[in-house]
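Letter by letter, the chains look like this.
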Amino acid sequence: QVQLVESGGGLAQAGGSLRLSCAASGRTFSSYTMGWFRQSPGKEREFVAAISWNGGRTYYADSVKDRFTISRDNAKNTVYLQMNSLKPEETAVYYCAKRSLGITTTPSDYSSWGQGTQVTVSS
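Residues numbered from 1 in each chain as written. Predicted model: local features only at pLDDT ≥ 70, side-chain atom pairs only at ≥ 80, totals over all residues. Heavy atoms only, no water.

### Observations regarding the pairing of strand S1 (residues 4-7)
Spelled out, the test is: A 1.4 Å probe rolled over the protein chains alone gives each residue an accessible area, and that area as a share of the maximum for its type sets the label: buried under 20%, exposed over 50%, partly exposed in between. Numbering of helices and strands starts at the N terminus; helices are DSSP runs of H or I of at least 4 residues and strands are runs of E of at least 2. What makes two strands pair is DSSP finding at least two bridges between them.
Of the two faces of S1, the one lined by Leu4 and Glu6 is fully buried and the one lined by Val5 and Ser7 carries no buried residue. Bridge count for S1 against strand S3 (residues 18-24) is four bridges, and the pairing is antiparallel. Bridge assignment links valine 5 to a residue of S3, and that residue is alanine 23.

### Observations regarding the environment of isoleucine 70
Quick reminder of the rule: Contact between two residues is taken to exist if any of their heavy atoms lie within 4.5 Å; hydrogens are not considered.
Within the secondary structure, isoleucine 70 is located in strand S7 (residues 68-73). We classify isoleucine 70 as buried; its relative accessible area is 4%. Taking the C-alpha atoms as reference points, isoleucine 70 and arginine 45, 25 residues apart in sequence, are found 18 Å from one another. Once residues lying within four places of it in the same chain are set aside, the contact partners of isoleucine 70 are Met34, Trp36, Ala49, Ala50, Ile51, Thr58, Tyr60, Val79, Tyr80 and Leu81.

### Observations concerning the pairing of strand S8 (residues 78-83)
The buried fraction of S8 is high, at five of six residues. Summarising the sheet, S3 and S8 pair through six bridges and their orientation is antiparallel. For cysteine 22, the partnering residue across the bridge sits in S8 and is valine 79. With six bridges connecting them, S7 and S8 associate as antiparallel partners. By the bridge assignment for S8, aspartate 73 is matched with threonine 78. Taken together, S7 and the strand that follows it, S8, pair antiparallel across an intervening segment of four residues, in which asparagine 77 is found at a positive phi of about 55°.

### A short note on the nonpolar core
Quick note on the threshold: Put simply, buried Ala, Val, Leu, Ile, Met, Phe, Trp, Tyr and Cys residues joined by side-chain atoms within 4.5 Å make one nonpolar core.
Judged by nonpolar contacts, the single largest core of 34 residues is most densely connected at Trp36, Leu81, Met83 and Tyr94. Listing elements by their share of this core, those giving two or more residues are S3, strand S4 (33-39), strand S5 (46-51), S7, S8, strand S9 (92-99) and strand S10 (117-122). Ranked by the residues each element gives to this core, the list is headed by S5, at five residues.

### Re the state of the cysteines
What counts is decided by this rule: Here, two cysteine sulfur atoms that lie within 2.5 Å of each other are counted as a disulfide.
Evaluated as defined, the whole model comprises one disulfide. Shown here is the disulfide that connects cysteine 22 with cysteine 96, its sulfur atoms set 2.0 Å apart. Taking the sign of the torsion about the S-S bond as the criterion, the disulfide between cysteine 22 and cysteine 96, at about 55°, is right-handed. Residue cysteine 22 is located in strand S3, and its partner cysteine 96 is located in strand S9; the two are separated by 74 residues in the primary sequence. In terms of burial, cysteine 22 and cysteine 96 fall into one category: buried.

### With respect to the sheet that holds S7
Spelled out, the test is: To get an axis, fit a line to the C-alpha atoms, keeping to the stretch in contact for a helix; angles then go from 0 to 180 degrees between the N-to-C directions.
Judged by pairing direction, the sheet is antiparallel, and its four strands sit side by side in the order S1-S3-S8-S7 without closing on themselves. Edge positions in the sheet fall to S1 and S7, since each of these pairs with one other strand and no more. On average, each strand axis in the sheet is inclined to that of its neighbour by 15°, with strand direction left out of account.

This is the structure in structure tokens:
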């Protein structure tokens, strides 16, 4: 059973940057597609970015393309989300999740969610 723990959230000013990390337990991390999602109060969880098992393919929500970068280090069992040019409307709890098959943008296709890390962007 893979457990995921997110970190790196906090307070950033609009236009600023944060780097989120998601550390996974278990020996099979390198076989999973990994995704980042976010959820703000009163809204549904939304897809942010995903990366294939070997990092060879990435996919982004249109709203974050060219500002966010997802990456992974399989030797460290960790996936990252570098967030630049942050906007106040991106204030949310950010979650990572794993998937055994290929990249999708649907939250219900992913399993083993972390507890989330709060990102707050001030204007």
